[in-house]
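Structural overview
Below are the chains, spelled out letter by letter.
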Amino acid sequence: MNDIEVIKEDVLLDCTGLLCPMPIVKTSKAIKELQSGQILKMIATDAGSPPDIAAWSRQTGNELLLSTTEGEKFIFFLKKS
Amino acid sequence: MSKSDPNAPKRLALISSKGTLDWAYPPFILASAAGAMGWEVGIFFTFYGLTLLKPELTAAVSPLGNPAMPMKMPFGPEGFQNINWPMPNLLMANVPGFEGLATTLMKQTFHNKGVATIEELRDACIELDVRLIGCQMTMDVFGFKREDFIPQAEIGGAATFLEYAADADVQLFI
């Protein structure tokens, strides 16, 4: 069983089809609605999102638990700090 | 020299000096991204950038004197859409409405690719508490009044920007 099946998100955010900077703008908005420790799953198709989400995670302190791909999609699990 | 307050969040200070569609994107993209990362952000709108504070955004783009601008068609088969159309200045200067056409094509191409509009990015900036500062001197020169701009705009001068930028981690002139 891989990580993607183990981690369970509290909220799912679909940023499919959106380009920079909207995936991180929407991620930031979504994470503000969460309680500390809750998990956001974000799906994007923007090829710039893996490095951008990693940078966003480092800058905001919200931990990036997993960054992976599923076909053409990029999948991120982020834990609210 | 260190920042006045070492515990303050990171800060981005931008100068937006151009009001065309292509140049309207970078300040709003960087500002909304920085805001999303928890940074403090201020944009100082001066000269042609001031028009980006108007309620109705009419930013257009001109390929005239913009030789590196790729002209793409936002419709038709993929191979057709990927063609960079050469646009000689002589042609552009003589065709009425060419800038309107170029603007429409760029907006449609951006929309098709999933790029947010300038309006959406500006709204995101406002929601993220980005400071939007209009340059008083340019307002006087161009005859703009406070009420010509969105209510979220502040008005200030060079000293206002410099004081803000002095404590910024990143400062960019766009």
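Cut-off values and rules
- Residues numbered from 1 in each chain as written.
- Chains lettered and ligands numbered in written order.
- Predicted model: local features only at pLDDT ≥ 70, side-chain atom pairs only at ≥ 80, totals over all residues.
- Helix = DSSP H or I, 4+ residues; strand = E, 2+ residues; numbered from the N terminus.
- Rg over C-alpha atoms; globule rule 2.2 N^0.38 Å.
- Buried ≥ 20, exposed ≤ 12 C-beta atoms within 10 Å, placed from the backbone.
- Pairing = 2+ DSSP bridges.
- Axes fitted to C-alpha atoms, helices over the stretch in contact; angles between N-to-C directions.
- Contact = placed C-beta atoms within 7 Å.
- Nonpolar A, V, L, I, M, F, W, Y, C, P; charged D, E, K, R; others polar.
- Core = buried A, V, L, I, M, F, W, Y, C linked by C-beta atoms within 7 Å.
- pLDDT = per-residue confidence, 0-100.
- Right-handed = clockwise from strand over helix to strand, strands pointing away.

Re the overall build of chain A
Looking only at helices and strands, chain A features three helices and four strands. Reading chain A from its N end, one meets helices and strands in the order α-β-α-β-α-β-β. Taking 2.2 N^0.38 as the reference for a compact globule, 81 residues should give roughly 12 Å; the C-alpha atoms of chain A span a radius of gyration of 11 Å, in line with that estimate. Overall, the C-alpha framework of chain A stretches about 30 × 30 × 20 Å when taken along its three principal axes. Within chain A, buried positions represent 33% of all 81 residues.

What about the sheet that holds strand β1 (residues 11–15) of chain A?
Residues and elements named next belong to chain A. Ordered in space as β1-β2-β4-β3, the four strands form an open sheet in which the pairing is mixed. Where the open sheet ends on each side, the last strands, each with one partner, are β1 and β3 (63–70). For this sheet, the mean inter-axis angle between neighbouring strands, taken without regard to orientation, is 15°. By the bridge criterion, seven bridges tie β3 to strand β4 (residues 73–79) in an arrangement that is antiparallel. Bridge assignment links Glu 70 to a residue of β4, and that residue is Lys 73. Each of β2 (39–44), β3 and β4 is contacted by helix α3 (residues 49–60), which is oriented at about 170° to β3, the strand it contacts most.

Details of the sheet that holds strand β2 (residues 40–45) of chain B
Residues and elements named next belong to chain B. Taken together, five strands build an open sheet; the order of strands is β4-β3-β2-β1-β5 and the sheet is parallel. Both outer strands of the open sheet, β4 (153–156) and β5 (170–173), are each paired with one neighbouring strand and no more. Taking the axes of each pair of neighbouring strands and ignoring which way they run, one obtains an average angle of 20° across the sheet. Note: β2 against strand β3 (residues 131–135), four bridges, orientation parallel.

Side note on helix α2 (residues 22–32) of chain A
Of all the positions in α2(A), only A:Met22, A:Pro23, A:Ile24, A:Val25, A:Thr27, A:Ser28 and A:Ile31 are classed as buried. Looking at the buried positions of α2(A), the neighbouring elements they touch are β1, β2, α3 and β4 of chain A together with α1 (21–36) and α5 (118–127) of chain B.

Quick notes on the interface of chain A and chain B
Tallying the contact residues gives 12 residues for chain A and 11 residues for chain B. Listed by contribution, the elements that provide at least two residues to the side of chain A that touches chain B are α2 and α3 of chain A. Among the elements that make up the side of chain A that touches chain B, the one with the highest residue count is α2(A) (four residues). For the side of chain A that touches chain B, the class distribution of residues is eight nonpolar, four polar and no charged.

As for the environment of B:Phe47
All names here are of chain B. Along the polypeptide, Phe 47 turns up in the loop between β2 and α2 (78–81). Expressed as a C-alpha distance, the spacing of Phe 47 and Ile 118, which sit 71 residues apart in the sequence, is 18 Å. Residues in contact with Phe 47, not counting those within four places in the same chain, are Ser 17 and Thr 138.

Things to note about the nonpolar core
If you look at soluble globular proteins, the nonpolar side chains tend to sit buried side by side. All names here are of chain B. Core analysis: the biggest nonpolar cluster contains 54 residues, and Leu 12, Leu 14, Ala 31, Ala 34, Ile 43, Phe 44 and Phe 45 have the highest contact counts within it. A total of nine residues in this core trace back to one element, the largest contributor, which is α1. Contact partners of Leu 12, with chain neighbours within four places excluded, come to Leu 30, Ala 31, Ala 34, Trp 39, Val 41, Ala 168 and Val 170.

A word on the confidence of the model for chain A
When pLDDT is averaged along chain A, the result is 94, and 98% of the positions lie at 70 or above. For chain A, the element scoring lowest by mean pLDDT is helix α1 (residues 3–6) of chain A, at 76; β2(A) scores highest, at 98.

Brief notes about the pairing of β3(B)
Residues and elements named next belong to chain B. In terms of residue burial, β3 counts as a mostly covered element, since four of its five residues are buried. As judged from the four bridges shared by β3 and β4, these two strands associate in the parallel manner. By the bridge assignment for β4, Ile 133 is matched with Glu 154. Traced from β3 through helix α6 (residues 136–142) to β4, the parallel crossover comes out right-handed.

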